[in-house]
Amino acid sequence: MPKEDQVRDLKQYLVGFIGGVDAPRKAANVLTRLWIASQPIDNTLRQEAYVLSGETSQSDHIGLHWGMSLVVFPFFRDVVTHMGRVINIQGNFRRQEIQSRLLEKYSNHSTIPRCVDRLIQTLLDWQVLIKEGTNAYQVSSRVFASLAMKKWLIEATVTATVNKRVLLNDLYRLSELFPFNLANEFRGLIAGSQNLRLERDGNNLEYIVVNETSK
């Protein structure tokens with residue numbers, strides 16, 4: 001668990017950047033869950049991200065926040081997955097399209113539109129979305145300079161899946177990674193990972209699987 005003084009210091013720090021009474025507290029709560037709270041499922045990834053943050057350019061750090069958000073916040077993964085699916089089909093999306101898809105899954109209908117709006121604003125702030133017209137959004141693609149960042153984001157993405165495994169051929173087009181161009185030789189990246197391995201099933205299909213012994 002995070003120390004109380006860490007959380008308090010974070011809230012005080014954010015007051016200088018975020019206006020309002022509740023906004024700094026809410027932002028601190030999100031950041032605490034992402035980067036301070038100790039959770040076994042993501043602790044190894046978090047430690048690796050700390051190291052990468054000091055070895056990669058600041059422009060690549062969006063990948064760290066994205067990957068940890070996929071792992072820690074299922075709602076984030078659901079929203080960006082739907083965004084990616086719609087973008088892959090028609091090149092952009094409207095907020096109502098995403099809201100309607102989330103309303104089919106979640107019962108708290110009164111809060112879903114507001115949560116989707118906040119997440120869209122976050123992605124605009126992260127500069128992975130561009131507003132198109134009055135109510136449409138398109139992707140602003142990112143390319144990582146660091147192979148280590150690509151490898152880490154793959155680890156985070158596979159860890160965030162329900163079964164902690166992804167079909168190798170699907171890795172090139174995962175909807176939840178829609179802003180990122182990960183084109184590379186994935187076998188080499190996976191071979192250099194202590195947290196992932198390749199498995200072949202009875203149908204001769206290859207999967208990327210989380211190596212639980214490394215967690």
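The model shown is predicted, which means the values in this text are computed figures rather than measured ones.

About the thresholds
- Residues numbered from 1 in each chain as written.
- Predicted model: local features only at pLDDT ≥ 70, side-chain atom pairs only at ≥ 80, totals over all residues.
- Heavy atoms only, no water.
- Salt bridge = Lys/Arg side-chain N within 4 Å of Asp/Glu carboxyl O.
- Helix = DSSP H or I, 4+ residues; strand = E, 2+ residues; numbered from the N terminus.
- Axes fitted to C-alpha atoms, helices over the stretch in contact; angles between N-to-C directions.
- Parallel < 35°, antiparallel > 145°, perpendicular 65-115°, else oblique.
- Contact = heavy atoms within 4.5 Å.
- Nonpolar A, V, L, I, M, F, W, Y, C, P; charged D, E, K, R; others polar.
- Core = buried A, V, L, I, M, F, W, Y, C linked by side-chain atoms within 4.5 Å.
- Buried < 20%, exposed > 50% of the residue type's maximum accessible area, 1.4 Å probe, protein only.
- pLDDT = per-residue confidence, 0-100.
- Phe/Tyr/Trp six-rings, centres within 6.5 Å; stacked < 30°, edge-to-face > 60°.
- Pairing = 2+ DSSP bridges.

**Structural notes on the pattern of salt bridges**
With the rule as written, the count across this model stands at eight salt bridges. Arg 187 serves as the salt-bridge partner of Glu 206, at 2.3 Å between the closest nitrogen and oxygen. Highlighted residues: Glu 206 in strand β8 (residues 206-210) and Arg 187 in helix α9 (residues 186-191), separated in sequence by 19 residues. Between Arg 197 and Glu 199 there is a salt bridge, with the nearest N and O atoms lying 2.6 Å from each other. Via salt bridges that share partners, Arg 187, Arg 200 and Glu 206 belong to a single interconnected network.

**So, the environment of Val 210**
Checked against the element boundaries, Val 210 lands in strand β8. C-alpha of Val 210 to C-alpha of Arg 197: the two residues are 13 residues apart in sequence and 6.6 Å apart in space.

**Thoughts on the packing of helix α5 (residues 74-90) against helix α7 (residues 112-125)**
Running from N to C, α5 and α7 point in directions that differ by 75°, and their axes come no closer than 11 Å. One way to sum up the angle between α5 and α7 is to call them roughly perpendicular. Residues Phe 75, Phe 76, Val 79, Val 80 and Met 83 of α5 lie in contact with α7, whose contacting residues are Ile 112, Cys 115, Val 116, Leu 119, Ile 120 and Leu 123. Along the lines of polarity and charge, the residues of the contact of α5 with α7 split into 11 nonpolar, no polar and no charged.

**Section: the environment of Ile 36**
Here Ile 36 lies in the loop between α2 (23-35) and α3 (43-55). As a C-alpha pair, Ile 36 and Arg 46 span 10 residues in sequence and 8.9 Å in three-dimensional space.

**Points about the nonpolar core**
In this structure, Trp 66, Met 83, Phe 93, Leu 123 and Trp 152 are the most contacted members of the largest nonpolar core, which totals 52 residues. Apart from the residues lying within four places of it in its own chain, the contact partners of Leu 123 are Trp 66, Phe 76, Val 80, Met 83, Val 128 and Leu 129.

**Concerning unusual backbone geometry**
Of note in the backbone geometry, Lys 164 takes a positive phi value of approximately 55° without being a glycine. Within the fold, Lys 164 resides in the loop between α8 (147-160) and β5 (165-167). Positive phi, normally seen in glycine, also occurs at Asn 204, with a value near 65°. On the secondary structure map, Asn 204 appears in the loop between β7 (196-200) and β8.

**A look at the confidence of the model for the protein chain**
Summarising the model, the protein chain shows a mean pLDDT of 85, and 87% of its residues fall at 70 or more. At the level of individual helices and strands, the protein chain shows its lowest average pLDDT in helix α1 (residues 4-15), which scores 66, and its highest in strand β1 (residues 93-94), which scores 96.

**Notes on the packing of aromatic side chains**
A complete count under the given rule lists eight aromatic pairs for this structure. Between the aromatic rings of Phe 93 and Tyr 137, the centroid separation amounts to 5.5 Å while the plane-to-plane angle is 25°, which identifies the pairing as stacked. With Phe 93 in strand β1 and Tyr 137 in strand β3 (residues 136-139), this pair connects stretches of sequence that are 44 residues apart. Seen from their ring centres, Phe 144 and Phe 180 are 5.3 Å apart, and the 20° between their planes marks the pair as stacked. One end of the pair, Phe 144, is in the loop between β4 (142-143) and α8; the other, Phe 180, is in strand β6 (residues 180-181), and 36 residues separate them in sequence.

**Some points on the sheet that holds strand β2 (residues 129-132)**
Pairing between the strands of a sheet is mediated by backbone hydrogen bonds and can be parallel or antiparallel. One open sheet holds the three strands; their spatial order is β1-β3-β2, and the pairing between them is antiparallel. If you trace the sheet from one side to the other, it starts and ends with β1 and β2, each paired once. Looking at chain direction, β1 and β3 are connected through two bridges and run antiparallel. The partner of Phe 93 across the bridge, within β3, is Tyr 137.

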